[in-house]
Amino acid sequence: MSAISSQSLTRKFGDFTAVDNLTLEVAKGEIFGFLGANGSGKTTAIRMFCGLLAPTSGSAIVAGIDVAKQPDAVKTRIGYMSQRFSLYEDLTVKENLAFYGGVYGLNRKEIKDRSNELLDRLGFKAQENTLIQSLPLGWRQKLAFSAALLHRPEIVFLDEPTGGVDPITRRQFWELIYETAATGVTVLVTTHYMDEAEYCTRVSIMVNGRMEALGSSRELKQQYGVDNMDALFFQIARPGGTFTHA
């Protein structure tokens, strides 16, 4: 069984179609990338997969659950990191982890043990009583990702998690993604950074709500006869004229 499966998944807002007939299969343990410009439908698709937004038509099965019929059940099986990192800036590191552990239904011992394990792994133990707003952006980013994994979900959704951070921090964040996928967790990540396609098992390229290409970066570059992902993006998006360089 696939970790994520959708058939003709569509979401409309009035006359505007944000996601148009998305049919997709993502394997367990895969690092799958949704690539595209801002407004291409990436975030809308991920919100439907997470049970946060009902589809207008079509279907999606995530972790074996129909997201339209049981959106709350899906939320217990997945982790989600939004574009804004989802952390409360006026709480400490430890308080944020305790809060999310409670939301995910963990008991006190599980929250304590998993929080300590997480902080030790990240090297953040000395900062456990530090307010989130006092931490560098890269640290907040890594902590938000780890908080999304606190309840050990089958799938984690990351919505443009590396936006606004420096290249070194971006690379370190992708190392965390690799470590997570190596444990069998499926990772679906949205991004508008073209070089991040190279880090994914496969990618889909979204243009105006439609999936215009699907495959590994190597396969897609061969298919379209280009040497790099920049050229591939421009070639695919040019007819619509909507893609801009990130």
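Our structure is the block above this text.
Residues numbered from 1 in each chain as written. Predicted model: local features only at pLDDT ≥ 70, side-chain atom pairs only at ≥ 80, totals over all residues. Heavy atoms only, no water.

Q: Go over the nonpolar core, please, and point to the residues and values.
A: Membership of the largest hydrophobic core comes to 46 residues, with the highest contact counts inside it found for Leu143, Phe145, Val156, Leu158, Ile177 and Ile205. Those residues in contact with valine 156 that sit more than four places away from it in its chain are Gly79, Phe145, Ala148, Leu149, Val185, Thr186, Val187 and Leu188. By size, the runner-up hydrophobic cluster in this structure holds 26 residues, among which are Ile4, Leu9, Val26 and Met48. (Core = buried A, V, L, I, M, F, W, Y, C linked by side-chain atoms within 4.5 Å. Buried < 20%, exposed > 50% of the residue type's maximum accessible area, 1.4 Å probe, protein only. Contact = heavy atoms within 4.5 Å.)

Q: Describe helix α4 (residues 108–122), listing the residues and the values that go with them.
A: With 15 residues, α4 ought to run about 21 Å at 1.5 Å a step, and its terminal C-alpha atoms sit 21 Å apart, in line with that. Within α4, burial applies to Ile111, Arg114, Ser115, Leu118, Leu119 and Leu122. Viewed end-on, α4 has its buried residues packed into an arc of 135°, placing them on one side of the element. Turned more than 90 degrees away from the buried face of α4, the exposed residues are Lys109, Lys112 and Asp120. As for α4, its buried residues are in contact with α3 (93–103), α5 (137–148) and α6 (167–182). Measuring from the side-chain oxygen of the N-cap residue of α4 to the backbone nitrogen of lysine 109 gives 3.2 Å; that N-cap residue is asparagine 107. (Helix = DSSP H or I, 4+ residues; strand = E, 2+ residues; numbered from the N terminus. Expected span 1.5 Å × (residues − 1). Arc of directions from axis to C-beta. Polar contact = N/O pair within 3.5 Å; in protein donor to acceptor, adjacent residues only side chain to side chain.)

Q: Any details on the sheet that holds strand β1 (residues 4–13)? Residues and values, ideally.
A: Overall, antiparallel pairing links the four strands, which are arranged β2-β1-β4-β5 in an open sheet. Looking at the sheet topology across the chains shown, the edges are occupied by β2 (16–26) and β5 (65–66). Bridging between β1 and strand β4 (residues 57–62) involves five bridges; their strand directions are antiparallel. Of the residues in β4, the one forming a bridge with serine 6 is alanine 60. Against the sheet, helix α1 (residues 42–49) contacts β1, β2 and β4, and its axis sits at roughly 120° relative to β1. (Pairing = 2+ DSSP bridges. Axes fitted to C-alpha atoms, helices over the stretch in contact; angles between N-to-C directions.)

Q: Quick one: what's the story with the environment of glutamate 117, residue by residue and with numbers?
A: Note on placement: glutamate 117 falls in helix α4. The partly exposed category is assigned to glutamate 117, whose relative accessible area is 43%. Separated by 33 residues in the primary sequence, glutamate 117 and leucine 150 have C-alpha atoms spaced 9.9 Å apart.

Q: Mind laying out the pairing of strand β9 (residues 202–207), listing which residues take part and the relevant values?
A: Burial of β9 is extensive: five of the six residues sit out of reach of the surface. Relative to β9, strand β3 (residues 31–35) runs parallel, the two sharing four bridges. Counterpart to phenylalanine 32 in the pairing with β9 is arginine 202. As judged from the five bridges shared by β9 and strand β10 (residues 210–215), these two strands associate in the antiparallel manner. Following the sheet pairing, valine 203 is matched in β10 by glycine 215. Between the antiparallel neighbours β9 and β10 lie two residues, among them asparagine 208 with a positive phi of about 50°.

Q: I'd love a proper account of the environment of glutamate 89, names of residues and values included.
A: Structurally, glutamate 89 is set in the loop between β6 (78–81) and α3. Sequence separation between glutamate 89 and leucine 135 is 46 residues, and the spatial gap between their C-alpha atoms is 9.3 Å. Those residues in contact with glutamate 89, other than ones at most four positions away along the chain, are Leu131, Ile132, Gln133 and Arg140. There is a polar contact of 3.1 Å between the side chain of glutamate 89 and the side chain of arginine 140.

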